Amino acid sequence: MKSDVLVLAVAMTVIATPSLAQDKPVTLRISHWVPASHILHKSVENWAASVERASGGTIKSQIYPAQQLGKAVDNYDMVRDGIADVVYVSPGYQPGRFPIVGLADIPFTISEVHGGIRAIDSWYRKYAPTEMKDVKYCFSFITDPSSWHSKKKIVTPDDIKGIKMRPSTATIGSWIVQLGGTNVQAGAPEVRDVLEKGVADAVIFPWGTTIAYGVDKVTKFHMDASISTASFQWLINQRAYDNLSPAQKKMIDEHCTTEWAGRFAGPWGDFERAGLAKLKEMPGHDVYQITPEQLAAWKKSTDPLRQAWANSVRKNGADPDRIAQEFADALKQYNAGY
């Protein structure tokens, strides 16, 4: 009798639960632009491996690092058009195309990476289906906040006048020009060279990257302040998602959460932040903090950027005041605001 009950219970479980093993196997093409040696590539591998395990092996992935499927600036269009099935994109590479999420790129908005990752994802989930409507939104994340690394000490906004700066995003580039500086365009691997040759005087970089690219060899001054971040979105081709079974979609959805955003980008944030302590220990480097009054001046200098952002959002039919307040509330919730 007990045997019959056990058999019946097992049978009912099989009927009630979709069988992942019976789902059609798929292979997702994942594209990103950093080299396979970058810590973010390991996060991509971990996400893909977790999806494969959770799907019972029915969702596998082929990862294409280092722009093998296309340039970084094209990744949104690549995932929209099915050239890749999964990508991460940087909205800052296409100024004006995704105005709402651009708020995260304005300097002196986000102060800390782990809370910042959770704040931007929980906030932008509401707006991504409209602003990035061509694709399946998975999650958002940010870099660890960057700072100035320069040949001469930068303390106040006035110190940017006459500076030749390699900016990290278009937003930072606009800010530099507004403050009287000049932008120097160079890829991240070229930054040390342009600094060494005097083409640039300063760069805004995360701390770990500063050491990884040898920028510490050609700069002396480093402001210990969380100036700016850049936001990224992990996106999935809509057709690829729609073609999955209900059980497979459930597995993907469980890997497209705020928690996963933190798991995905948190190690990168830790790597970058560790560079601050290393630079402090290096002889010949001045790692300095700024006063509350100086911080207030820097924040005030971003007002034109915030106004331009608000105008862009309003032009697209949204309410910038409400959106900005929602983001501020999310940053406060996760202790990541200024």
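Just above, that's the structure.
Let me sum up the structure you'll find in this document.

Conventions and cut-offs
- Residues numbered from 1 in each chain as written.
- Predicted model: local features only at pLDDT ≥ 70, side-chain atom pairs only at ≥ 80, totals over all residues.
- Heavy atoms only, no water.
- Buried < 20%, exposed > 50% of the residue type's maximum accessible area, 1.4 Å probe, protein only.
- Helix = DSSP H or I, 4+ residues; strand = E, 2+ residues; numbered from the N terminus.
- Pairing = 2+ DSSP bridges.

1. Let's talk about the pairing of strand 10 (residues 231-237)
Regular strands place their side chains on alternate faces of the sheet.
So, step 1. Across the seven residues that make up strand 10, a large majority, seven, are buried.
So, step 2. Here strand 10 shows two buried faces, one formed by Ser231, Gln233, Leu235 and Asn237 and the other by Phe232, Trp234 and Ile236.
So, step 3. Two elements, strand 3 (residues 86-89) and strand 10, share four bridges in a ladder whose sense is antiparallel. Opposite Val86, over in strand 10, you have Ile236 as the bridge partner.
So, step 4. Alignment of strand 4 (residues 135-142) against strand 10, held across seven bridges, turns out to be antiparallel. When the bridges of strand 10 are listed, Tyr137 appears paired with Leu235.

2. Considerations on unusual backbone geometry
So, step 1. Phi at Gln67 takes a positive value of approximately 65°, unusual for a residue other than glycine.
So, step 2. Inspection of the secondary structure assignment puts Gln67 in the loop between strand 2 (59-64) and helix 3 (75-81).
So, step 3. The exposure class assigned to Gln67 is partly exposed, which follows from its relative accessible area of 38%.
So, step 4. Even without being glycine, Asn335 reaches a positive phi, approximately 55°.
So, step 5. Checked against the element boundaries, Asn335 lands in the segment after helix 14 (320-333).
So, step 6. By relative accessible area, Asn335 is classed as exposed at 64%.

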